[in-house]
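Survey of secondary and tertiary structure
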Amino acid sequence: MNNPTAITGFDLADFFSAAEARNDRWRSLHRVARALSDRPTDKLRTEAAALLAELGPLEELQGYPGPRLMTLLRQREQSADWSGFARLVQRISAALLADSYQEDSKAWHEDDEGEAYLPDALPPALSHSAGRKPYFEALLVTPAERNAWPELRNQLRRLRREQDEFIYEPVMVGSFEDALLATILNANVQSVVIQEGFPFASQYSLPVAREHLARHTKIDTAELAGCDSGLILARAIRNIRPELDVYLVTDRAAEVVAGLEAAACVRRVFYAVEEPLEVHLSVLDGVAARYRTPYFDNLKHYAQRPIGTFHALPVARGKSIFKSNWIRDVGEFYGATLFLAESSATTGGLDSLLEPTGNLKHAQEAAARAFGGDHCFFVTNGTSTSNKIIHQAVVRPGDIVLIDRDCHKSHHYGLVLAGGQPYYIDAFPLAEYSMYGSLAIRPIKEALLKLKAEGKLDKVRMVVLTNCTFDGHVANVKRTMEECLAIKPDLIFLWDEAWFGYARFSPYLRRRTAMGAAAALREQFANPAYRERYQKFKAATGNLNPKNAKLLDLHLLPDPDKVRVRVYESNSVHKSMSCLRQGSVVVVADQDFSTVEEAFHEAFFTHTSTSPNLQILATLDTARRQMELEGYGLVNRALQLAIELRREVNTHPLISKYFKTLTPAEMIPAKYRQSGYSDYSPGSWAKAVEALDHDEFFLDPTRVTLLCGRAGYDGTEFKGILAAEHDIQINKTSRNSVLVQININNTRSDLAHIIKALAEMARAIDRRLANGGKSARTAFDARVKSLMEDVPDLPNFSKFHDAFRDQAKSATPEGHMRDAYYLAYDAANCEHVKLASKEVDQRLAHGPELVSANFVIPYPPGFPIMVPGQVITKEIITFMRKLDVKEIHGYDAALGLKLLKPSALKKRKAR
Ligand SMILES: Cc1ncc(COP(=O)(O)O)c(C=O)c1O
């Protein structure tokens, strides 16, 4: 944005900017066309021809403007009808920019004033008066000659009926390559109809696009020579966008093809084109299946009915509000619908969250499909509750749970409730920025091997990991599970994907999600080639002797005959999708779910309100609908905006003097970036794909850590200034940074908003330093140094006090945290010691040990620096003393540290 002309310089091969790049080319063409209609010159003519040549093949993959308007455009160009050319370009680019072609039939006309010359070539039901029908595009992959396409397209259009719920425009392609490109580049595509017999290579000269395809999609061209190329294409399309409906039209024995394993990814198989109407109806039906929101649809219906309520919820129907003298404004503010759609009943068409049997059950099944699990459970009290449900469901008292100490507090509390023994492992620190990174595979393996050596593997139940972390560290989920399962084949995984739900809808990030990886592992373990690989691995490594240090350097492989894929994902739908606050889901892909199903329901009952909020449930349902129908395009745009924001801050001559967005290289140590991927620079996406495939950690582009320490602000202060002076809200801060999160709701205008704020602040600092003389500069430099260099070391987890450990001499550090937690319930067992007191230093030096009675969680950084039963070390005290944050949960400065008394610990030890 600091160089406006660079906007046209988007690299088409840069995946996320492809849609934007297309719009930009139209905008450029618009500028050139206007200039041409004013005063044509050879230069302008050449520019227009070049832009049209570039756009031509791309537009073949899109429904709008479509071949008819494109042909007309070319005719006007050839006949030098520049005013007609400019009018048409203006109409098309405006319609594309506002997406108005999806509901305004005028966008499909040839001229403003005139009617369409070919009425049958327009989507007839697109108009405001006809009522809005959602618009989409259906991709038709056909071996037919190109000159037969217009007729095929019209045949499909003629099948449209008044009663159709949606309207779609066919997009025709004639090859495997073009079909994949359309799938990637055209977010409007919802259905794909594949007619067998098409060639592989694109018919157009699309060097950029072809390169893009080769880099981003692995296709085995040898396999394609066979007669199943239609099914191979279907699989490739579903790999990229699993939500799409794919139909196969074959002239082989359709009933045989339909029964093939490879046809599982196809929604229906048709014999030749014997039933075009059936194909048309199936296309509509497939989209309707995703569009249907069983719970929300029913709630809308319920709200329309004149229901008498005789249960406890006065706001239901809103009468107590709308008739009130004093709170009528509440009704006016929220509108009648909210109250008409409220009820505490679970009968009369409204299902029950605690025992779903109807529309809520169906809504959860649809969510399981969308999020890629076997089961999905709606939760109306945030992922904090989802996590506790999972802990209670699978962890039995005394079980050992390997957990990243930096995990959200709901996990620590979940373990207290479930009685599991946490085996805390520390994430790698990013001390300069006063935050933790994420938990690497090696320390997890190390822990499991230690537990094996101690003979405790049987007690190990689960591994809890955050993916991605608040700050954007994305784990190599598949490899983590693979290596852990090699040591303990029935290990359960809880992936906290509170922030990462949207990743399911990106073909790149999906592989790094719990469900994406679980599916990949299931497929891998069922593959005979894996069995062979495993046999070789086993021959070389034997029974994985835990004393063998080399195991830490090997990529361990699980035994396909023993391994069980048991994966739970918690996902704050409200954090990354269009859902009301607290809407969360638990997604399950557990081969042995039947063994914990009852316990899961008990846990669900324990934590679920008997009065769940219906609007949260409804928006969980509609968020799923949105993601299945437009998540792909929305997520691409969010990623692109985030990458743009990063680049803009770091290259802006003024802003970059004081602010910086941290790059993958700064957020992830080199040893975890095996590919060497370091930044989202233009044209680097191919490298990013390599990083996604192989690196231990990847940085989620949408989580932008903005360093403000170099501008002399600490995170909390900076957050306050952004809110008070620039109307910008952010959430997480560290000592010298804030986290800017980009999601599917953000726009380019939002980027402009924050960039303008940063530019103003940078300008103000410049001015202050220029006018303030030497003293201002000295004070500024000292402040920056304090924020950027004098950062306290983050304290690692120390250990549980021996009173809470089964064997004091054990080489593994797990402990009975719940016992410590409840020991503190008796005030006689606790004491308070002031943080700054001499007693603290004396006890650190000479004992008795300081043992925390509770969780102490400072914000930031937001993880427990003390847990119940933990021995407090000098590092922890130093960190606490240096900490200058105001919000520390579990610590009251007036009272001091809450400790378990040595006498109470002694008594417990002697039990
Ligand atoms: C990693 C992680 N897990 C879980 C949660 C809790 O999610 P919710 O706010 O939906 O309860 C958070 C909240 O910030 C989080 O950061």
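Refer to the structure presented above.
Residues numbered from 1 in each chain as written. Predicted model: local features only at pLDDT ≥ 70, side-chain atom pairs only at ≥ 80, totals over all residues. Heavy atoms only, no water.

The environment of the ligand is formed by G382, T383, S384, N387, H408, T466, D496, A498, W499, S572, H574 and K575. Here H574 contributes a side-chain N or O atom positioned 2.8 Å from an oxygen atom of the ligand. With respect to the ligand, the side chain of K575 contributes an N or O atom lying 3.0 Å from an oxygen atom. Coverage of the ligand by the protein chains reaches 84% of its 390 Å² of free accessible surface. Those elements giving two or more residues to the shell around the ligand turn out to be α17 (382–394) and α23 (573–576). When the residues that make up the shell around the ligand are grouped by side-chain class, the tally is two nonpolar, eight polar and two charged. (Near = heavy atom within 4 Å. Polar contact = N/O pair within 3.5 Å; in protein donor to acceptor, adjacent residues only side chain to side chain. Areas by Shrake-Rupley, 256 points an atom, 1.4 Å probe, with all protein chains shown as cover. Helix = DSSP H or I, 4+ residues; strand = E, 2+ residues; numbered from the N terminus. Nonpolar A, V, L, I, M, F, W, Y, C, P; charged D, E, K, R; others polar.)

The next subject is the packing of aromatic side chains. Counting across every chain of the model gives 40 aromatic pairs. With a centroid separation of 6.3 Å and 55° between ring planes, the pair formed by W108 and Y135 is classed as tilted. Here Y135 lies in strand β1 (residues 135–141) and W108 lies in the loop between α4 (82–98) and β1, a separation of 27 residues in the sequence. Each member of the pair, W108 as well as Y135, carries the same accessibility label: buried. An angle of 45° between the planes, with centres 5.5 Å apart, marks the rings of Y821 and Y825 as tilted. What links up through ring pairs into an aromatic cluster is the set F377, Y568, F593, F600 and F604. Above the plane of the ring of Y632 lies R241, whose end atom (NZ or CZ) is 4.2 Å from the centre. (Phe/Tyr/Trp six-rings, centres within 6.5 Å; stacked < 30°, edge-to-face > 60°. Buried < 20%, exposed > 50% of the residue type's maximum accessible area, 1.4 Å probe, protein only. Lys NZ or Arg CZ within 6 Å of the ring centre and 35° of its normal.)

In the contact formed by helix α33 (residues 838–846) and helix α34 (residues 874–882), the axes pass within 10 Å of each other and the chain directions differ by 160°. Classified by the interaxial angle, the pair formed by α33 and α34 is roughly antiparallel. Crossing geometry of α33 relative to α34 is assigned as left-handed. Residues V840, D841 and L844 of α33 pack against K874, I877 and R881 of α34. A per-class count over the contact of α33 with α34 returns three nonpolar, no polar and three charged. (Axes fitted to C-alpha atoms, helices over the stretch in contact; angles between N-to-C directions. Parallel < 35°, antiparallel > 145°, perpendicular 65-115°, else oblique. Left-handed = near helix turned anticlockwise from the far one by under 90°. Contact = heavy atoms within 4.5 Å.)

Turning our eyes to something else, we now look at the sheet that holds strand β7 (residues 400–404). With mixed pairing, the seven strands of this open sheet are ordered in space as β6-β15-β14-β13-β11-β7-β8. Edge positions in the sheet fall to β6 (375–379) and β8 (421–425), since each of these pairs with one other strand and no more. Sheet twist, expressed as the mean angle between neighbouring strand axes with direction ignored, is 20°. Bridge analysis of β7 against strand β11 (residues 460–466) gives four bridges, and the strand direction is parallel. Bridge assignment links V401 to a residue of β11, and that residue is M462. Across the face of the sheet, helix α18 (residues 409–418) comes into contact with β7, β8, β11 and β13 (492–496) while running at roughly 165° to β7. Running at roughly 155° to β13, helix α20 (residues 477–487) makes contact with β11, β13 and β14 (566–571) of the sheet. (Pairing = 2+ DSSP bridges.)

With respect to topology, five strands assemble into an open sheet ordered β2-β1-β3-β4-β5, the strand pairing being parallel. Of all the strands in the sheet, the pair left with one neighbour each is β2 (167–173) and β5 (268–271). Ignoring strand direction, the axes of neighbouring strands in this sheet form an average angle of 20°. Bridge analysis of β1 against strand β3 (residues 189–195) gives five bridges, and the strand direction is parallel.

As a further point, take the environment of A514. As for its placement among the helices and strands, A514 is situated in helix α21 (residues 514–526). Taking relative accessible area as the criterion, A514 reaches 0% and is therefore assigned buried. In sequence terms A514 and Q591 are 77 residues apart; their C-alpha atoms lie 14 Å from each other. Those residues in contact with A514, other than ones at most four positions away along the chain, are V477, M481, W495, E497, V567 and E569.

Examined bridge by bridge, strand β4 (residues 245–250) and β5 share four bridges and lie parallel to one another. Counterpart to L248 in the pairing with β5 is V269. Handedness of the crossover joining β4 and β5 through helix α10 (residues 254–259): right-handed. (Right-handed = clockwise from strand over helix to strand, strands pointing away.)

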